[in-house]
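For reference, the chains in residue letters:
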Amino acid sequence: MAQFAVIGLGSFGATIATELVGLNHDVIGIDSNKKYVESIADHITHAVIADATDEHVLRELNIQKCEAVVVAIGENIEASILCVLHLKNLGIEKIWAKAKSKPHHMILSHLGISKIIHPEEDMGVRIAQSLSYPMVSRYMALEDNRFIVKVEIKQALHGERFSHLMERALDIKTLIHKRGKDISFSLDPNLILQQGDILVIEGEIESLRRLSARFK
Ligand code: ADP
């Protein structure tokens with residue numbers, strides 16, 4: 001169990017805070033707006049009404065003890081930047097902050113924080129991906145245009161031999177095959193796929209795109 005802080009408890013910050021609690025972490029949530037703090041108080045470890053642009057307040061809350069701090073203040077760019085500066089002064093190494101605009105992003109990147117989040121854009125990319133590849137239920141972007149993708153075998157591929165499905169996708173690695181509760185990490189090329197099987201595969205986006213045509 002780790003301790004995290006989320007500053008700004010609008011819809012984005014509140015979702016992060018409650019998800020972290022669901023993952024069994026201690027979460028301190030801070031917002032200057034009493035309404036937001038009250039509505040989340042019963043769902044997170046510690047909810048505080050405070051101005052996060054005040055370094056003393058942050059110090060008193062012992063925020064430097066946290067493993068990571070998420071700054072989810074978006075609209076008020078000045079407050080977001082001041083807050084990040086104080087967190088840096090307090091020696092917090094892992095700071096993730098939400099950026100609302102390009103200038104906001106530029107300033108945050110100059111402050112050298114761990115990660116800048118663009119929630120609307122990230123969500124837009126995910127929605128576009130799942131619209132264009134409906135068989136992809138989850139994916140993770142790696143470096144150099146490589147992705148790990150979870151795909152489900154639909155009716156059209158029921159009865160297909162695994163080696164046949166992959167014969168023109170030799171650069172794609174299959175990491176996991178799951179059927180019901182059975183999980184296998186080394187696949188028999190002669191395996192006959194069934195509807196509902198799950199494959200977790202890894203490869204370059206172009207190869208994955210070519211293979212995706214077989215899944216439609
Ligand atoms: P969302 O899209 O998640 O609703 P907003 O940028 O609208 O994001 O909300 C950010 C939250 O940050 C708001 O709840 C606001 O009250 C809070 N906030 C803004 N300035 C401060 C500050 N100085 N200290 C603490 N919380 C702040």
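Presented here is a report on the structure given in the accompanying data block.

Calculation criteria
Residues numbered from 1 in each chain as written. Predicted model: local features only at pLDDT ≥ 70, side-chain atom pairs only at ≥ 80, totals over all residues. Heavy atoms only, no water. Salt bridge = Lys/Arg side-chain N within 4 Å of Asp/Glu carboxyl O. Helix = DSSP H or I, 4+ residues; strand = E, 2+ residues; numbered from the N terminus. Buried < 20%, exposed > 50% of the residue type's maximum accessible area, 1.4 Å probe, protein only. Polar contact = N/O pair within 3.5 Å; in protein donor to acceptor, adjacent residues only side chain to side chain. Contact = heavy atoms within 4.5 Å. Expected span 1.5 Å × (residues − 1). Arc of directions from axis to C-beta. Near = heavy atom within 4 Å. Areas by Shrake-Rupley, 256 points an atom, 1.4 Å probe, with all protein chains shown as cover.

1. Regarding the pattern of salt bridges
Then comes step 1: In this structure the tally under the stated criterion is ten salt bridges.
Then comes step 2: Between Lys100 and Glu75 there is a salt bridge whose closest N-O contact spans 3.4 Å. Of this pair, Lys100 sits in the loop between strand S5 (95-98) and helix H5 (102-110) while Glu75 sits in the loop between strand S4 (68-71) and helix H4 (77-89), and the two are 25 residues apart along the sequence.
Then comes step 3: Assessed through its relative accessible area of 65%, Glu75 is described here as exposed.
Then comes step 4: Linking Glu152 and Lys154 is a salt bridge whose minimum nitrogen-to-oxygen distance equals 3.9 Å.
Then comes step 5: For Lys154, a relative accessible area of 36% puts it in the partly exposed group.
Then comes step 6: Several salt bridges share partner residues, and in doing so they unite Arg146, Lys173, Glu202 and Glu204 into one network.

2. A look at the side chain of Ser80
Then comes step 1: Here Ser80 shows up in helix H4.
Then comes step 2: When its relative accessible area of 0% is taken as the criterion, Ser80 is described as buried.
Then comes step 3: Among the polar contacts listed, one links the side chain of Ser80 to the side chain of His104, at a separation of 2.8 Å.
Then comes step 4: If we ignore the near neighbours within four places in the chain, the residues touching Ser80 are Val71, Ile73, Lys98, His104 and Leu108.

3. Section: helix H1 (residues 11-22)
Because an α-helix packs 3.6 residues into every turn, residues spaced three or four apart end up facing the same way.
Then comes step 1: Across its twelve residues, H1 extends 16 Å between first and last C-alpha, which sits within 8% of the 16 Å expected from 1.5 Å per residue.
Then comes step 2: For H1, the set of buried residues is Gly13, Ala14, Ala17 and Leu20. Take H1 and look down its axis: the buried residues cluster within an arc of 130°, on one side only. For H1, the exposed residues lying more than 90 degrees away from the buried face are Ser11, Glu19 and Gly22.
Then comes step 3: For H1, the secondary structure elements touched by its buried residues are strand S1 (3-7), strand S2 (26-31) and helix H2 (34-40).
Then comes step 4: Residue Asn24 follows H1 closely and has a positive phi angle near 75°.

4. Topic: the site of the ligand
Then comes step 1: Of all residues adjacent to the ligand, which total 19 residues, the nearest are Phe12, Asp31, Asp51, Gly74 and Lys98.
Then comes step 2: In the environment of the ligand, an oxygen atom lies 3.3 Å from a nitrogen or oxygen atom belonging to the backbone of Ser11.
Then comes step 3: The side chain of Asp51 places a nitrogen or oxygen atom 2.9 Å from a nitrogen atom of the ligand.
Then comes step 4: Relative to its unbound accessible area of 590 Å², the ligand is 82% covered by the protein chains.

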